[in-house]
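# Commentary on secondary and tertiary structure
Chain by chain, the residues:
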Amino acid sequence: MNTIAKPPVANALDVAREHARQRYRRDDAPEPAAWNETLQVLLGHRSVRAFLPDSLASGTIETLVAAAQSAPSSSNLQIWSVVAVEDPARKARLAALAGHQQHILEAPLFLVWLVDFDRLTRLSDVDGVASEALDFTETFLLGAVDTALAAQNATVALESLGLGAVYIGGIRNRPKEVAAELNLPPGVFALFGHAIGHPDPERPAAVKPRLPQSAVLFREQYAWTDAQQSAAYSYDSRIRAFQREQGMVEKDWTIQARERTRGPSSMAGRHVLREVLNDLGFELR
Ligand SMILES: Cc1cc2nc3c(=O)[nH]c(=O)nc-3n(C[C@H](O)[C@H](O)[C@H](O)COP(=O)(O)O)c2cc1C
């Protein structure tokens, strides 16, 4: 008779439960109905802002780009490109433009994800065909969606390899200077940066809890009720506990969110983005 214990199925469930509990910081977090390595990477995500100086294994950039290109693409237009920046001096200049974010300097690789209308414009120009659809807001939105889906595929891929990353929206603080630094032609926009490297185990990042599902999941129709309202407020104590553990200043999420959405002064200069996009060659009709 085989007395060896069966593979630890219960352990997988425990791992699943623990990941869900950490994601929401709630003992009543919904239990994952199934579990595998992909879900473990996804639910274990945390932005990494402290990197070892070690460079990345050769072929890493190409692997991440293959993962990115495997994302779905609206009408298969593949309307994005990416610039891989490894030169420390260029990273330093980009870090300065993105609000002096130290983690960009620390990361051995800084990717800049681009909404790229230039490639399609050139292809149309070759045959003298119009590319007027590129002038519409819808197409810019399409480009932003495709670029984000691609970048997030790269994030999942790099996290599955034990690497860490943080997106850098700060790259939109000074779009014209960034365009000049990266030699971007008109019709190409740096949507966000992506600092990537080996996480420093001495300065580990933790899983940041999210709003309870009752605040974000509607069934059949949208309906914001008192239950959603109190679910959102119940998140404040979870995010505060996270901040406390991380040695960060404690602040309610509801207050943070309100401050971030208050108005132009809370937008790090990005309130002028439509005009800047017009100047960079996006009509946004
Ligand atoms: C598009 C985008 C831009 C971001 N920009 C920045 C940034 O400029 N600097 C930064 O430190 N984190 C940035 N972040 C990271 C968010 O702050 C982070 O994802 C969020 O606080 C949730 O934490 P988590 O990723 O650890 O779960 C960005 C995230 C996204 C999706």
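It should be noted that the structure appears before, not after, this text.
Small disclaimer: the values here were computed from a predicted structure and weren't measured.

## Thoughts on the packing of helix α10 (residues 226–245) against helix α11 (residues 253–260)
Interhelical geometry of α10 versus α11 gives an angle of 100 degrees and a closest axis separation of 7 Å. With respect to each other, α10 and α11 are oriented roughly perpendicular. Residues A232, Y233, Y235, D236, I239 and Q243 of α10 lie in contact with α11, whose contacting residues are W253, T254, Q256 and R258. Of the residues belonging to the contact of α10 with α11, the class tally is 5 nonpolar, 3 polar and 2 charged.

## Observations regarding the site of the ligand
In the vicinity of the ligand, 13 residues are found, and the nearest of them are H45, S47, R49, G169 and K208. The contact in question runs from an oxygen atom of the ligand to an N or O atom on the backbone of G170, over 3.2 Å. K208 is positioned such that a nitrogen or oxygen atom in its side chain is 2.7 Å from an oxygen atom of the ligand. Protein contacts shield 68% of the accessible area of the ligand, which totals 620 Å² for the unbound molecule. With 3 residues, the single largest contributor to the shell around the ligand is strand β3 (residues 164–168). For the shell around the ligand, the per-class residue count stands at 3 nonpolar, 6 polar and 4 charged.

## Some remarks on the side chain of H194
Locating H194 in the fold gives a position in strand β4 (residues 188–197). With relative accessibility at 1%, the residue H194 sits in the buried group. A distance of 3.0 Å separates a polar atom in the side chain of H194 from a polar atom in the side chain of W113. When near neighbours in sequence (up to four residues on either side) are disregarded, H194 contacts L109, F110, L111, W113, A151, T155, L158, A165, V166, Y167 and I168.

## Description of the side chain of D116
Structurally, D116 can be placed in strand β2 (residues 109–116). Taking the relative accessible area as the measure of exposure, D116 reaches 8% and is therefore buried. Among the polar contacts listed, one links the side chain of D116 to the backbone nitrogen of R119, at a separation of 3.4 Å. Those residues in contact with D116 that sit more than four places away from it in its chain are I79, W80, S81, G187 and V188.

Cut-offs and rules
Residues numbered from 1 in each chain as written. Predicted model: local features only at pLDDT ≥ 70, side-chain atom pairs only at ≥ 80, totals over all residues. Heavy atoms only, no water. Axes fitted to C-alpha atoms, helices over the stretch in contact; angles between N-to-C directions. Helix = DSSP H or I, 4+ residues; strand = E, 2+ residues; numbered from the N terminus. Parallel < 35°, antiparallel > 145°, perpendicular 65-115°, else oblique. Contact = heavy atoms within 4.5 Å. Nonpolar A, V, L, I, M, F, W, Y, C, P; charged D, E, K, R; others polar. Near = heavy atom within 4 Å. Polar contact = N/O pair within 3.5 Å; in protein donor to acceptor, adjacent residues only side chain to side chain. Areas by Shrake-Rupley, 256 points an atom, 1.4 Å probe, with all protein chains shown as cover. Buried < 20%, exposed > 50% of the residue type's maximum accessible area, 1.4 Å probe, protein only.

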